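Architecture at a glance
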Amino acid sequence: MNNSAKVIFWNNAAEEIFGYTNEEIIGKDLHPILTPGKYRDAQNKGFSIFKNSGTGNAIGKTLELEAIRKNGEVFPVELSLSAIKIKGKWNAVGIVKDISERKEAEIEIKKSQLKAEEANRLKSEFLANMSHEIRTPMNAILGFSGILQKQIVNEKHRSFIDKIKKSGNNLLALINDILDLSKIEAGQLKIQKEAASIEGVCSEVSLVFSDVSKRHKVPIYVDIDKSIPKTLLFDELHLRQVLLNLVSNAVKFTEKGSVSIIVTTTKPIEFSKQNKVLNLVIKVEDTGIGIPENQHEAIFYSFRQIEGQSTRKYGGTGLGLAITKRLVELMDGTITVESIVGQGSKFKIILNNIKILSTEYEELTIDEGVDVEFIKSKILHVDDNEDNREIVALYLENEAIEIKEVETGKDALEILKTYTPDLILIDIQLPGLSGYETTKIIRENENLNSIPIIALTANATKEEIEKYSYIFDEYLTKPIPEKELIKTIAKYLDQKEKRNEDEAEIKGQNCILELQKQKSEIGTFPKELKAILKEELEPLHQKISEVISVEDLKTFADRNEYLAKKYDVKGLDEYSKAINASINYFDVTKLKDLLNYYSEIVSVITK
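Cut-offs used in this document
- Residues numbered from 1 in each chain as written.
- Predicted model: local features only at pLDDT ≥ 70, side-chain atom pairs only at ≥ 80, totals over all residues.
- Heavy atoms only, no water.
- Helix = DSSP H or I, 4+ residues; strand = E, 2+ residues; numbered from the N terminus.
- Buried < 20%, exposed > 50% of the residue type's maximum accessible area, 1.4 Å probe, protein only.
- Axes fitted to C-alpha atoms, helices over the stretch in contact; angles between N-to-C directions.
- Parallel < 35°, antiparallel > 145°, perpendicular 65-115°, else oblique.
- Left-handed = near helix turned anticlockwise from the far one by under 90°.
- Contact = heavy atoms within 4.5 Å.
- Nonpolar A, V, L, I, M, F, W, Y, C, P; charged D, E, K, R; others polar.
- Patch = residues over 30% accessible without salt bridge, like charges linked within 9 Å, V, L, I, M, F, W, Y side chains within 5 Å.
- Areas by Shrake-Rupley, 256 points an atom, 1.4 Å probe, with all protein chains shown as cover.
- Salt bridge = Lys/Arg side-chain N within 4 Å of Asp/Glu carboxyl O.
- Pairing = 2+ DSSP bridges.
- Phe/Tyr/Trp six-rings, centres within 6.5 Å; stacked < 30°, edge-to-face > 60°.
- Lys NZ or Arg CZ within 6 Å of the ring centre and 35° of its normal.
- 1 Å grid on protein atoms, 1.4 Å probe; cavity = no way out; pocket = protein on both sides within 12 Å on 5 of 7 lines; lining within 4 Å.
- Points joined across faces, edges and corners; volume = space filled by probe spheres on them.
- Arc of directions from axis to C-beta.

**A short note on unusual backbone geometry**
- Its identity is not glycine, yet Asp 332 carries a phi of approximately 60 degrees, on the positive side.
- Of note, Asp 332 is situated in the loop between helix 12 (320-330) and strand 9 (333-340).
- Notably, Asn 353 is not glycine yet its phi reads approximately 55 degrees, a positive angle.
- Mapped onto the secondary structure, Asn 353 falls in strand 10 (residues 344-358).
- Take Asn 353: its relative accessible area is 47%, and that puts it in the partly exposed class.

Now the structure itself:
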């Protein structure tokens, strides 16, 4: 284009792009022919400057604009302009590229992105709804099962309750797996490192599967390099979840032989201590059915299982190893597998750059046990689900707590006009006025805003918690265990005695002395109590003495605690609390010591 905006050169590519032949365009004013009207004013001003100075906003740049073909079609182009002086006058050289296909591709990509974003949004909504809809009845199933588990005497009937509770926990674990996978995919799951003992984690995992291990006749061995520092910095919660997944699979797929958890390091330990970090190597090995070599990679994909694997026999959804792999990677680690069909599998985890906090052995301190006895208090419980309200009422029926129940946020605001509770328990998803909206109104009332408010919700997504947690004092996710609820409300309600001596340190001999003292005062214990101890709990104690099973231990402790409260037997109450504390802290040595005293405890009560 010359100094008068006339076309002086037009090549074959320009003919193909615009549709004008060389004869049709040479000597013509370029701007009105090829440029849409919306650019005209700017072009005229810019060209006036350009022809006198060889400069302009478009010179030396590549711009995306629109142009007009001979047939009138407006299409996108990429234009690069440069200036050249010929015979003392400024001329422009333009290189034009038709970018129609690229723009169409960009539009399709944008549409795909929008579809993907919409799909993710719908998935998140679905998961939130699924979490709420399933957790709500699960709260009732697990809550009532736990209450019945303490009260039912008939062993056959109690075994039914145990099965209901186990199945409920299995379903809850599946829900949590799906939610975890969703969080990981969305980049919402965060790693939180804290001081912890790798030996403690491995021992806990081994104890969790002790009953299954005994039932399958597949022992679980734990072998930890003694030179590994006792206190390290790692994400204890998610490493425990990883090991639970791996050991669960190992036990499930091993019909004979054993399962081993082996912990070592990749560097000489002295070198690691000097540098205050180490690479932790954790292996989970089994002698099970094995995995075909061509499927070693596929087993870490979501919803994938070994080809030919019987889902009727082994169950599962194919999520466990997918979550395990992603958790390990989030913890700056790697996981690999070696396996031979019919001989077993070896899963190897390497966690990199684990900080050393203590190189010497440290006795883990145990928190004091909580023995709550509430001073007379008032609670307002807002939940539209009758089962949820009843479970909370049953959890607190032996406490000095008055509970008023309402079904809606509107009802809650109405009753708060004349009733001032010490604590409010409120569900978030209420009909009409939501729990969040109700709480917001309460917080804006200067007469009510100091009342602690605890959200009880079946929606366990991270977005839900982050969105609403700031306005609540606590946020508990259903199903809510009895002890967790009591421990939480204990933070906000007055008690006669919040803490007593460490329950894990209660000695069996002291319980016996307490029982003997009470017996001397009352003469004899109730016949019903004696019968239950002899017919129900002594056989259960014998079973536990042969193999320590977590589920049986919990049943044993809870049943003794229920009987102790029902018949007002202080020594037995202290004993059951010590058992429960030892279970919570996985103190196997203390458990065995306490169990050894049970026969003598029964003897004192029954004779």
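Alright, that's what it looks like, and here's the rest.
**Regarding the packing of helix 7 (residues 198-208) against helix 9 (residues 236-252)**
- The interhelical angle for the contact between helix 7 and helix 9, taken along N-to-C directions, is 40 degrees, at an axis separation of 10 Å. Judged by the angle between their axes, helix 7 and helix 9 are oblique. By crossing handedness, the relation of helix 7 to helix 9 is classed as right-handed. The residues of helix 9 that touch helix 7, namely those facing Ile 198, Val 201, Cys 202, Glu 204, Val 205 and Val 208, are Glu 236, Leu 239, Arg 240, Leu 243, Leu 244 and Val 247.
- Residue composition of the contact of helix 7 with helix 9, by class: 9 nonpolar, no polar and 3 charged.

**Quick notes on a nonpolar patch on the surface**
- Among the surface-exposed residues, Ile 84, Ile 86 and Val 93 lie close enough to one another that they form a single nonpolar patch of about 220 Å² accessible area.
- Tracing the sequence through the fold places Ile 86 in strand 2 (residues 74-86).
- Its relative accessible area of 40% is what places Ile 86 among the partly exposed residues.

**Focus: the sheet that holds strand 13 (residues 423-426)**
- Spatially, the 5 strands line up as an open sheet ordered 12-11-13-14-15, and their pairing is parallel. Where the open sheet ends on each side, the last strands, each with one partner, are strand 12 (401-406) and strand 15 (474-477). Between one strand axis and the next, the sheet turns through 20 degrees on average, direction left out of account.
- Summarising the sheet, strand 11 (residues 377-382) and strand 13 pair through 4 bridges and their orientation is parallel. Of the residues in strand 13, the one forming a bridge with Ile 379 is Leu 423.

**Looking at the packing of aromatic side chains**
- Inspection of every chain in the model, using the stated rule, returns 5 aromatic pairs.
- Taken together, Trp 10, Phe 18 and Phe 75 form an aromatic cluster joined through their ring pairs.
- Here the basic side chain of Lys 378 rests over the ring of Tyr 419, its NZ or CZ set 5.1 Å away from the ring centre.
- Taking the ring centre of Tyr 419 as reference, the NZ or CZ of Lys 404 above it sits at 5.2 Å.

**Re empty space enclosed by the protein**
- Enumeration according to the criterion identifies 5 cavities of 30 Å³ or more in this entry.
- Computed from the structure, the second largest cavity encloses a volume of approximately 50 Å³.
- Lining the second largest cavity are Asn 139, His 381, Asp 383, Asn 388, Ile 391, Val 392, Tyr 395, Leu 456, Lys 478 and Ile 480.
- Counting residues per element, the lining of the second largest cavity draws most heavily on helix 13 (residues 386-395), at 4 residues.
- Per-class residue counts for the lining of the second largest cavity are 5 nonpolar, 3 polar and 2 charged.

**Focus: helix 15 (residues 435-443)**
- Looking at helix 15, one finds that the buried residues are Gly 435, Tyr 436, Thr 438, Thr 439 and Ile 442. Axial view of helix 15: buried residues confined to an arc of 160 degrees, hence all on one face.

**Regarding the sheet that holds strand 3 (residues 89-98)**
- Here 3 strands make up an open sheet; going across it, the order is 1-2-3 and the pairing antiparallel. With one partner strand each, in any of the chains shown, strand 1 (62-68) and strand 3 form the two edges of the open sheet. Across the sheet, the mean angle separating the axes of adjacent strands is 45 degrees when strand polarity is ignored.
- Pairing analysis gives 7 bridges linking strand 1 to strand 2, with the strands arranged antiparallel. If you follow Leu 63 over to strand 2, its bridge partner there is Leu 79.
- Most of the contacts of helix 4 (residues 40-53) go to strand 3, to which it runs at about 130 degrees, and overall it touches strand 2 and strand 3.

**A few points about the packing of helix 19 (residues 527-546) against helix 23 (residues 598-606)**
- Packing of helix 19 against helix 23 leaves a shortest axis separation of 10 Å and a crossing angle of 165 degrees. On the basis of the axis angle, helix 19 is roughly antiparallel to helix 23. Crossing of helix 19 over helix 23 shows left-handed handedness. On helix 23, the residues that touch Leu 529, Lys 530, Leu 533, Lys 534, Leu 537, Glu 538 and His 541 of helix 19 are Tyr 598, Ser 599, Val 602, Ile 605 and Thr 606.
- Of the residues contributing to the contact of helix 19 with helix 23, the split by class is 6 nonpolar, 3 polar and 3 charged.

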